[in-house]
Structures are given as structure tokens and as C-alpha cells.
Amino acid sequence: MTILSIETSTDVCSAALSIGGVCIASYVEREHSNHAALLPKYIESLLATAREKGCRIEAVALSEGPGSYTGLRIGTSTAKGLCYGLDVPLIMIPTTEVLCAAFAAQLHESLPDNALLCPMIDARRMEVYTALYDTNMGSKSEIAAKIIDEESWKDELEKNDIYFFGNGAMKCAEVIQSSNAHFVDGIVPLAEYMGVLAEDTTRKRIEGAEIAYTEPLYVKEFVAAPSHVKGLK
């Protein structure tokens, strides 16, 4: 499949074009969090690349969260508009899985047989959005918001090496004390790793009218703050 992927769940904004699970073009901005301005430019360029190669976009893949509420809404609204305009299905991929794919792609050593992967997305203070996966990307726990303390994953760490990564991981390094806990810095979710995940035949495709009701995976209930713009309530 020719898939256009969008990732806006953190401060990093990215979009990519993949064919058969192989990324052929991608754009990333790591420094400036301005997803609303950057994403349309990235998509315009990727659509032009697809036309030059004679390819038709067959689906849009979206990193669905959890993550930044604002980033997720920007990515979701953009993905929905593309799906309607191109008449293609939407493929939702949990951001924790995108993080695992990024970790695997940047791994320079083999992992122990008992290793578990623990992507962490910052949710402020000592709270993170997280889940556990085995090294084959099999889910070992549900995605949840978790407050980190010295008891976190204590039982699992007695039996397994656990690799923690993502923008919420490093703040937990001083709290989770175990020789089996490994913290890897610099891993961010990127659209370039989503094509191969979206190719998964078991992945749900959301089509037609159902796209209108698709929402990001917030995990925690989103509550909009009052507007500071004069005259708006």
C-alpha cells in the first residue's frame, strides 16, 4: 500500500510517505512546536512526491495518542480531512507502538530474551502514558496513565529487563531503581516508522462515515480550559 503517515502526539511534528512499508520520503521538525503550520506543508510536499512517482495514496495512518491534546487534535483533524478528500480509509496506530518501532529501528544491540519494552509519554509531573510490550510488539499491558514511584513495575523488574524510552522516561530514572531497568534517551515517535505498522493486515481500517466519529486516544478525559480571548467563553 501507498500510505501517508502523520505523527503529532509530542513536540516533534512529522509526516511520511511509504510504499509497501518502506519509507520513501519524510519530514521532521524537532525544535519548534508549530504543528498547525508545519503539517500542511509537509503533506503538500508528500502528495507531490506521490504524484511524481505515479502513486495513489491508498490510506492515511495516524498516530492516535496518547500524547499532547493539542497535537493530537491537529493530527486527527488533518488526517480526517485527507481521508475525505482522497476517499481513503484511516488507520489508527497507538503512539506507544510508534515509539516501540522507533526504539527497535535505533537499537544497536540484541536484547535479552526476557526483555520488555516500556514506551513513556510525558503527562506532566511524575505521570506518564505508558504500556508494556514484548520484543515482538505483543501487548503485555493496556495503555494507561500511571504515576511513577519506587513500586512501579517492581514485580516485572524482578523477572525481566525492561527498557524505558520516550519523552517521559528520563524523569523516571531516579525513581525506578533496579539493575534490570534500562533508560534510553532520544527516542521519539516519528511518522517514518508508521508505514510498516500500518501495513499490518490485522490493523483496523476506519472508513466512510465512521471517520467523522473517530477521536484521539486521550486516555485521560480532555477538559478544555476557558478561552483567554476577550469576548469568547
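Refer to the structure presented above.
Summary of the structure given here. (Residues numbered from 1 in each chain as written. Predicted model: local features only at pLDDT ≥ 70, side-chain atom pairs only at ≥ 80, totals over all residues. Heavy atoms only, no water.)

**A closer look at the pattern of salt bridges**
At step 1: Inspection of every chain in the model, using the stated rule, returns 4 salt bridges.
At step 2: In this structure, R203 and E97 form a salt bridge, with 3.1 Å as the shortest nitrogen-oxygen distance. Taken together, the positions of R203 in the loop between α5 (194–198) and β12 (205–206) and E97 in helix α3 (residues 95–105) put the pair 106 residues apart, joining distant regions of the chain. Like R203, the residue E97 is buried in the burial classification.
At step 3: Across the pair E151 and K154 runs a salt bridge whose closest N-O atoms are separated by 3.9 Å.
At step 4: Under the relative-accessibility criterion, E151 is labelled partly exposed at 47%. (Salt bridge = Lys/Arg side-chain N within 4 Å of Asp/Glu carboxyl O. Helix = DSSP H or I, 4+ residues; strand = E, 2+ residues; numbered from the N terminus. Buried < 20%, exposed > 50% of the residue type's maximum accessible area, 1.4 Å probe, protein only.)

**Topic: the environment of G138**
At step 1: Within the element layout of this structure, G138 appears in the loop between β8 (133–134) and β9 (144–147).
At step 2: Its relative accessible area of 23% is what places G138 among the partly exposed residues.
At step 3: Counting along the chain gives 52 residues from G138 to L86, while the straight-line C-alpha distance between them is 32 Å.
At step 4: Aside from chain neighbours lying at most four places away, what touches G138 is L132 and Y133. (Contact = heavy atoms within 4.5 Å.)

**Remarks on the sheet that holds strand β2 (residues 13–19)**
At step 1: Taking strand neighbours across the sheet as the criterion, the 6 strands line up as β3-β2-β1-β4-β5-β12 in an open arrangement whose pairing is mixed. Taken across any chain shown, the strands that pair with only one partner, and hence form the sheet edges, are β3 (22–29) and β12.
At step 2: Where strand β4 (residues 59–63) lies against strand β5 (residues 90–93), 4 bridges are found, and the strand directions are parallel. Each residue of the ladder has a partner; that of V60, found in β5, is L90.
At step 3: Its contacts with the sheet place helix α1 (residues 35–52) against β1 (2–7), β2 and β3, and it is angled at close to 15 degrees to β2. (Pairing = 2+ DSSP bridges. Axes fitted to C-alpha atoms, helices over the stretch in contact; angles between N-to-C directions.)

**Considering α1**
At step 1: If you check α1, its first and last C-alpha atoms are 25 Å apart, about what 18 residues at 1.5 Å a residue would give, namely 26 Å.
At step 2: Residues of α1 that are buried include every one of H35, L38, L39, Y42, I43, L46, L47, T49 and A50, and no others. Viewed along the axis of α1, the buried residues span an arc of 165 degrees, placing them on a single side of the element. The exposed set on the far side of α1, more than 90 degrees from its buried face, consists of K41, E44, R51 and E52.
At step 3: Residues of α1 that are buried in the fold lie against β1, β2, β3 and α2 (69–86).
At step 4: Positive phi shows up at G54, right after α1, with a value of about 70 degrees. (Expected span 1.5 Å × (residues − 1). Arc of directions from axis to C-beta.)

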